[in-house]
Amino acid sequence: MTFKPAAWPRKLRSQEWFGGTTKDAIYHRGWMKNQGFPPDLFDGRPVIGILNTWSELTPCNAHLNDLAQRVKHGIFEAGGFPVEVPVFSTSESAFRPTAMMFRNLAAMAVEEAMRGQPMDGCVLLVGCDKTTPSLLMAAASTDLPSIIVTGGPMLNGYYKNERVGSGTHLWKFSEAVKAGEMTAEEFVEAEASMSRSPGSCNTMGTASTMASMAEALGMALSGNAAIPAVDSRRRVMAQLTGRRIVQMVKDDLKPSDILKKEAFENAIRTNAAIGGSTNAVIHLLAIAGRVGVDLTLEDWDRCGRDVPTIVNLMPSGKYLMEEFFYAGGLPVVIKRLGEAGMLHKDALTVSGQTAWEQVKDVTNHNPDVILPAEKALTQSGGVVVVKGNLAPKGAVLKPSAATAALMTHRGRAVVFEDIDDYKAKINDEDLDIDETCIMVLKNCGPKGYPGMAEVGNMGLPPKVLRKGITDMVRISDARMSGTAYGTVVLHTSPEAAAGGPLAVVQNGDFIELDVPNRRLHLEISDEELAARLANWKPSHPEFTSGYGWLHQRHVQGADTGADLDFLKGCRGAPVGKDSH
Ligand code: FES
């Protein structure tokens, strides 16, 4: 840790709008004063943007206005001037074709909102899956002092006295209905029990994973990730975050001071320890691309390889985020990584302390939720990266959510050309498939869907489910919800729509998955593969205008984070020309 705080007081960028007695200054201040702000708020104190992803169509973030008020309290207490700014909210549950298509649009819009307006620092108020990475990407590209506070997870769900997890039980119950083990009426009855309070998914899905990633990267205060949305301590966290950002601006503590390679390696190991979502792979690669850190898929495999999954949460384990919080939450996990020599202890965080300083004295209150290493869900919990002629640039698999017996498997490919083809065929009793086959889904990557939908965990055919089989090897260029599970190979790169080898797999081909040797092989000759690729023609839908057009032309592969090519890098926050 080599950070040296800047001298204070000094002139901040917001004074380029609000300072002085020129016509322009009076123009900027005057309009703000229509809200009843007293004159001393414009005296050069830090102006903090509370970037709020509240939306009633992003249900996981629908309580953020309440937290924003707590953030404001904290900013005022510390001598700052809070301004609440609504920003593009990407709802995982509602946005079509997929929220992921708009992560980059949100990041671009928020970046410009930060740069173009009088803000000296920002509180990123987020919750649902894509809101966290999109705002982190924006903060990384502007490099304005920024801190995350998340909305927190929902309370535990219960149905018939059993825990039900967001998403995880949606997939489980859906398969149970298909297998004839649950009625449609019971499925509807279970629906309300999954979402019984404000907050994000209560499993270790992508939202909880990304909240954990923000904390492990050092971009949120310690303990933020697991506090339930409705717990009063979530409000305390919001207020403390508001206080902290003011000091960060005074110190000029920026994302680039925190988001070093070491921080990303800490986050990757944390992801393995918590059994986190495969979506974190794409998001961390994209965030790293914004700060110029050279992070690769190989780093994911290397850093996560020997990290045991010790957090016993769905979808990999048994409990939910509420119990994780009661057990001590993420600080306990980070402490365990530190004790095992798997943490860059000196990594700087937004608190001004190192990663180790802020967790070294915490206690695990429930060893059945945060397990001892010898009882880990899997000893090698890191996201696995497989490569081969079917995925020259890599594909990922989450071992803690997979079936051990399927980690080495050879099977006959049953191919679906796109998600509509899958939906049309999967319930057909005449489909030539059994549990030894490998399901292959094409055209669901960043360009192909477009947006890379969470459809990689294709439901199994009913005739296989009725045999009591719950898992098969599935391969696609899609993503998978962090709440999902199964032996699912995802993010196959290059994607089918970009002419990757996945595009030319045919029914009846044999595929070999060999996770221990990190291999994904299509059993055809090099000549045959080259001939098929030479004859390939794209079949995915193409936008001719609008944001979809921009996205399809500029989105990069999942192996580098699926950012838009022209958004990579840190552009800083220079004060632009005044138009008045
Ligand atoms: Fe929003 Fe899961 S759908 S957090």
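Here, every reference points to the structure presented above.
Nothing here was measured: the structure is a model prediction, and the numbers come from that model.

(A) Just the overall build of the chain, in detail. Per the secondary structure count, the chain includes 19 helices and 14 strands. Taking 25 Å as the expected radius of gyration for a compact globule of 580 residues, we find that the chain reaches 24 Å, a close match to that expectation. Judged by the C-alpha coordinates and their principal axes, the chain covers about 80 × 55 × 50 Å. Put simply, 76% of the contacts in the chain that link residues at least 6 apart link residues at least 24 apart. When the accessible surface of the chain is summed, it comes to about 21400 Å², and 52% of that surface belongs to carbon and sulfur atoms. Charge centroids of the chain, computed over 60 positive and 67 negative side chains, lie 5 Å from each other.

(B) Region of interest: helix α9 (residues 232–251). With 20 residues, α9 extends 29 Å between its outermost C-alpha atoms, agreeing within 8% with the 28 Å of an ideal straight helix rising 1.5 Å per residue. At the N-terminal end of α9, a side-chain oxygen is found 2.8 Å from the backbone nitrogen of Arg-233, two or three residues along, and the residue is Asp-231. Of the residues flanking the end of α9, it is Asp-252, one or two places downstream, whose phi is positive at about 60 degrees.

(C) Structural detail: the pattern of salt bridges. Summed over all chains, the structure comprises 39 salt bridges. Where Glu-111 meets Arg-571, a salt bridge forms, and the shortest distance between an N and an O atom there is 2.7 Å. Taken together, the residues Glu-111 in helix α4 (residues 103–116) and Arg-571 in the segment after α19 (546–554) connect sequence positions 460 residues apart. Given the relative accessible area of 0%, Glu-111 is considered buried. The salt bridge involving Asp-471 is made with Arg-474; its shortest N-O contact spans 2.7 Å.

(D) Structural detail: the nonpolar core. Leu-51, Phe-264, Leu-284, Leu-295, Trp-300, Phe-324 and Val-333 are the most contacted members of the largest nonpolar core, which has 102 residues in total. Once residues within four sequence positions are removed from consideration, Phe-264 is found in contact with Leu-217, Leu-259, Leu-284, Ile-287, Ala-288, Val-291, Val-293 and Leu-295. Counting residues in hydrophobic clusters, the runner-up holds 28 residues, among them Leu-397, Ile-438, Val-473 and Val-505.

Cut-offs and rules
- Residues numbered from 1 in each chain as written.
- Predicted model: local features only at pLDDT ≥ 70, side-chain atom pairs only at ≥ 80, totals over all residues.
- Heavy atoms only, no water.
- Helix = DSSP H or I, 4+ residues; strand = E, 2+ residues; numbered from the N terminus.
- Rg over C-alpha atoms; globule rule 2.2 N^0.38 Å.
- Contact = heavy atoms within 4.5 Å.
- Areas by Shrake-Rupley, 256 points an atom, 1.4 Å probe, with all protein chains shown as cover.
- Lys, Arg positive; Asp, Glu negative; His and termini not counted.
- Charge placed at Lys NZ, Arg CZ, Asp CG, Glu CD.
- Expected span 1.5 Å × (residues − 1).
- Polar contact = N/O pair within 3.5 Å; in protein donor to acceptor, adjacent residues only side chain to side chain.
- Salt bridge = Lys/Arg side-chain N within 4 Å of Asp/Glu carboxyl O.
- Buried < 20%, exposed > 50% of the residue type's maximum accessible area, 1.4 Å probe, protein only.
- Core = buried A, V, L, I, M, F, W, Y, C linked by side-chain atoms within 4.5 Å.

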